[in-house]
Amino acid sequence: MSQPVVICRGVKKQFGNGGGAVQALRGIDVEINQGELFMLVGPSGCGKTTLISVIAGIINQTEGECRVLGESVSGMSSGDKAKFRARNLGFVFQAFNLLPALTAAENVALPLFILGESKKAAVTKAYDLLAQVGLKDRGKSLPAELSGGQQQRVAIARALIHEPKIIVCDEPTSAIDHVTGANVLEMMRTLSKDHGTTLIIVTHDNRIFPYADRMGEMDDGHIMAIHTPETTQGRHYA
Ligand SMILES: Nc1ncnc2c1ncn2[C@@H]1O[C@H](COP(=O)(O)OP(=O)(O)OP(=O)(O)O)[C@@H](O)[C@H]1O
Ligand SMILES: [Mg+2]
């Protein structure tokens, strides 16, 4: 049995105070293992983005504990958090968060620049990744010159380039066609199997459900059930 790389215990998140307060997470207990592809599904507003943002150390929980690779990220200083994220995590956000003034290749290379790799080596590797997501010829394009689906693939390449231990994705295939989506998932799965990378993927896209090792079904700030292919044979996960 592999080691858990994410352990959430009693994680609650409240946004705002008083009458306008929103309980986005109401007590999350979950362990995600090394090398597993864990999907999170559930209706809009149920807390999926909030949960992966806590796991990635982008926001702090209000209560409870979340340990990532053995560390309690919410307890770190913001500088340590940034270093921890740069070294260990890759992200694909719902909004792809590409830097508009950088080319596609530079955007992909960014995690390596941050880790101090030379520009030449980083950009060479970026072109390699761009080729893998079907964008070999678009390295010099600015994000504004790319379609939504192409921007999404740039964001996916950027999440993979520094071979992080954990990759967190929010709707990674929402803007790309079925064949490209399947290719991207295949690529992520290969990475995960070859390097022991853990993938945490929020999705509504039932076409990629079959790639999951386990699937957490969320509703109203809770994980209601965790499904495995064995327990869901013959039915859709959500
Ligand atoms: N920064 C914020 N300030 C206030 N409320 C927030 C904030 N971020 C999220 N929320 C609220 O927390 C709840 C959970 O939001 P979250 O973004 O996690 O949902 P989600 O499951 O990712 O939904 P979707 O599928 O639409 O992306 C929602 O009610 C949302 O309005
Ligand atoms: Mg969301």
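Remember, it's a predicted structure, so these values are computed and weren't measured experimentally.

K.L.:
An account of the site of ligand 1 is needed here, citing residue identities and associated values.
P.N.:
In the region of ligand 1, 13 residues are neighbours, and Ser44, Gly45, Lys48, Thr49 and Thr50 sit closest. Serine 44 places a side-chain nitrogen or oxygen 2.5 Å from an oxygen atom of ligand 1. Threonine 50 has a polar side-chain atom sitting 2.5 Å from an oxygen atom of ligand 1. For ligand 1, the protein covers 61% of the area, taking 640 Å² as the surface of the free molecule. Within the residue set of the shell around ligand 1, elements represented by two or more residues are β2 (22–33) and α1 (48–55). With three residues, the single largest contributor to the shell around ligand 1 is α1. Residue classes in the shell around ligand 1 are distributed as five nonpolar, seven polar and one charged.

K.L.:
Any chance you could break down the sheet that holds strand β8 (residues 198–202) for me, citing the residues and the numbers?
P.N.:
Within the open sheet, the six strands sit side by side as β6-β7-β8-β3-β9-β10. Their pairing is mixed. Both outer strands of the open sheet, β6 (89–92) and β10 (222–227), are each paired with one neighbouring strand and no more. Across the sheet, the axes of successive neighbouring strands diverge by a mean angle of 15 degrees, strand direction being ignored. Seen against the sheet, helix α5 (residues 148–160) touches β6 and β7 (166–170) and runs at an angle of roughly 175 degrees to β6.

K.L.:
Outline helix α2 (residues 78–88), supporting the account with residue identities and numerical values.
P.N.:
Turning to α2, its buried residues are Lys81, Phe84, Ala86 and Asn88. Residues of α2 that are buried in the fold lie against β4 (63–68), β5 (71–72), β6, α3 (104–114) and β7.

Thresholds, definitions, all that
In this numbering scheme, every chain counts its residues from 1 along its sequence in written order. To read the labels, note that chains go from A and ligands from 1, taken in the order they are written. Given that the model is predicted, a residue must reach a pLDDT of at least 70 before its local features are reported, and side-chain atom pairs must reach 80 or more before they are shown or counted; all residues, however, enter totals for whole chains, interfaces and linings. Heavy atoms throughout the structure, all of them, feed into the side-chain values; hydrogens and water do not. One heavy atom within 4 Å of a molecule or strand is enough for the residue carrying it to be called near that molecule or strand. Definition of a polar contact: a pair of N or O atoms within 3.5 Å, with one able to donate and the other able to accept a hydrogen when the atoms are protein atoms, and with sequence-neighbouring residues admitted only if both atoms are side-chain atoms. For the accessible areas, the method is Shrake-Rupley and the probe is 1.4 Å, while residue cover comes only from the protein chains on display. The way it works is that DSSP assigns letters per residue, a run of H or I at least four long becomes a helix, a run of E at least two long becomes a strand, and they are numbered from the N terminus. Put simply, Ala, Val, Leu, Ile, Met, Phe, Trp, Tyr, Cys and Pro go in the nonpolar bin, Asp, Glu, Lys and Arg in the charged bin, and everything else, Gly too, in the polar bin. Pairing between two strands is assigned when DSSP locates at least 2 bridges connecting them. Where helices are involved, their axes are fitted lines through C-alpha atoms of the stretch in contact, as for all axes, and angles between N-to-C directions lie from 0 to 180°. Only heavy atoms matter for contacts: two residues are in contact if any of them lie within 4.5 Å across the pair. Burial classes follow relative accessibility: with a 1.4 Å probe on protein chains only, a residue under 20% of its type's maximum area counts as buried, one over 50% as exposed, and anything between as partly exposed.

Purely geometric stuff here, so don't read any function into it on its own.
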